[in-house]
Amino acid sequence: MHSNISAVRTETDEAGSCPGKTSHKGVKCGWNHFKKPALAIFIGGLLFGTGTALSLLYFTQVGNVPYLVGPIFLSVGLMFLVTGLVWVPVIKQKMVHTALTQMSHGRPLLPEQGTRTQSCVTIS
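Counting starts from 1 at the beginning of each chain's written sequence and moves along it residue by residue. Local features in this predicted model are restricted to residues of pLDDT 70 or higher, and side-chain atom pairs are both shown and tallied only at a pLDDT of 80 or more, whereas totals for entire chains, interfaces and linings draw on every residue. Based on all heavy atoms of the structure, the side-chain values leave hydrogens and waters out of the count.

As recorded by an unreviewed UniProt entry, the chain carries the name Phosphoinositide interacting regulator of transient receptor potential channels and is attributed to Cirrhinus molitorella.

A. Structural context of the overall build of the chain. The secondary structure content of the chain amounts to 3 helices and 0 strands. Put simply, DSSP H or I for four residues or longer makes a helix, DSSP E for two residues or longer makes a strand, and each gets a number counted from the N terminus. Each helix and strand of the chain, placed in order from N terminus to C terminus, yields the pattern α-α-α. We call a residue buried when its accessible area falls under 20% of the maximum for its residue type, exposed when it is over 50%, and partly exposed in between, using a 1.4 Å probe and counting protein chains only. The buried share among the 124 residues of the chain stands at 16%. The criterion used for residue contact is that any of the two residues' heavy atoms lie within 4.5 Å. Across the chain, every contact between residues at least 6 apart in sequence was considered, and the portion connecting residues at least 24 apart equals 56%. Note on areas: Shrake-Rupley with a 1.4 Å probe; residue coverage comes only from the protein chains shown. Accessible surface, the chain: about 10100 Å² in total, of which carbon and sulfur atoms supply 66%.

B. Just the packing of helix α2 (residues 35–60) against helix α3 (residues 69–103), in detail. Angular values range over 0 to 180 degrees, each being the angle between N-to-C directions of two axes fitted as lines to C-alpha atoms, with helices fitted over their stretch in contact. In the contact formed by α2 and α3, the axes pass within 7 Å of each other and the chain directions differ by 155 degrees. As the angle between them shows, α2 and α3 are arranged roughly antiparallel. At the point where α2 passes α3, the crossing takes the left-handed sense. Residues were grouped as follows: Ala, Val, Leu, Ile, Met, Phe, Trp, Tyr, Cys and Pro as nonpolar; Asp, Glu, Lys and Arg as charged; and all remaining residues, including Gly, as polar. Looking at the contact of α2 with α3 residue by residue, the class counts come to 19 nonpolar, 9 polar and 1 charged. For this classification, under 35 degrees means roughly parallel, over 145 means roughly antiparallel, 65 to 115 means roughly perpendicular, and everything else is oblique. A clockwise turn of the near helix away from the far one marks a right-handed crossing, whereas an anticlockwise turn of less than a right angle marks a left-handed crossing.

C. Quick peek at unusual backbone geometry. For Q61, which is not a glycine, the phi torsion comes out positive at approximately 60 degrees. With respect to the secondary-structure elements, Q61 resides in the loop between α2 and α3.

D. α3, seen in detail. Between the first and last C-alpha of α3 there are 51 Å, a value that for 35 residues agrees with the 51 Å anticipated at 1.5 Å per step. Every buried residue belonging to α3 is among G70, G77, G84, I91, M95 and A99, and all of these are buried. On its buried face, α3 is in contact with α2. Each helix should span, by expectation, one fewer than its residue count multiplied by 1.5 Å.

E. Main features of a nonpolar patch on the surface. A cluster of nonpolar side chains, namely L39, F42, I43, L46, M79 and F80, defines an oily patch on the protein surface of about 570 Å² accessible area. Counting residues per element, the ones that place at least two in the nonpolar patch are α2 and α3. The element that contributes the greatest number of residues to the nonpolar patch is α2, accounting for 4 residues. Tracing the backbone through its elements, the reader meets L39 in helix α2. Residues forming no salt bridge and having over 30% relative accessible area are the ones grouped into patches, like charges within 9 Å of each other and nonpolar side chains (Val, Leu, Ile, Met, Phe, Trp, Tyr) within 5 Å. The salt bridge definition used is simple: a Lys or Arg side-chain nitrogen within 4 Å of an Asp or Glu carboxyl oxygen.

F. Examining the UniProt feature "transmembrane region" (unreviewed entry) in the chain more closely. The UniProt record annotates "transmembrane region" (unreviewed entry) at residues 38–59 and 65–88. Helix makes up 100% of residues 38–59 and strand 0%, and the two end C-alpha atoms of the span are 31 Å apart. Along residues 65–88 the backbone is 83% helical and 0% strand, and the end-to-end C-alpha distance reaches 35 Å. UniProt positions are given in the numbering used here, feature names are shortened, and annotations may be inferred rather than shown by experiment.

Here it is, written out as structure tokens:
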């Protein structure tokens, strides 16, 4: 009976948006979910590196670089970098939550309000 349940579970997992790609816990894994955070991290790294280079050129007075260009690139690049780095764990947590919700198959996790168990005592 246990093998039938696992066979049904793998069929439902493969019917999702990324077929055939499931991790060992049943959570769908793939790069489709992480494209936007990876792009934000990449752009943030480029802007942060450019801002660092422009700031170094300004403070060493090697090039004719305007005063605020370096710090603006630094701050915008750091903003993109941190946003992308925080976005990754949020997506992972959402994927785990979605997988746990799908595994319950619509059954309520807590007993309904109208049902009473034997451990409940009513005092009138």
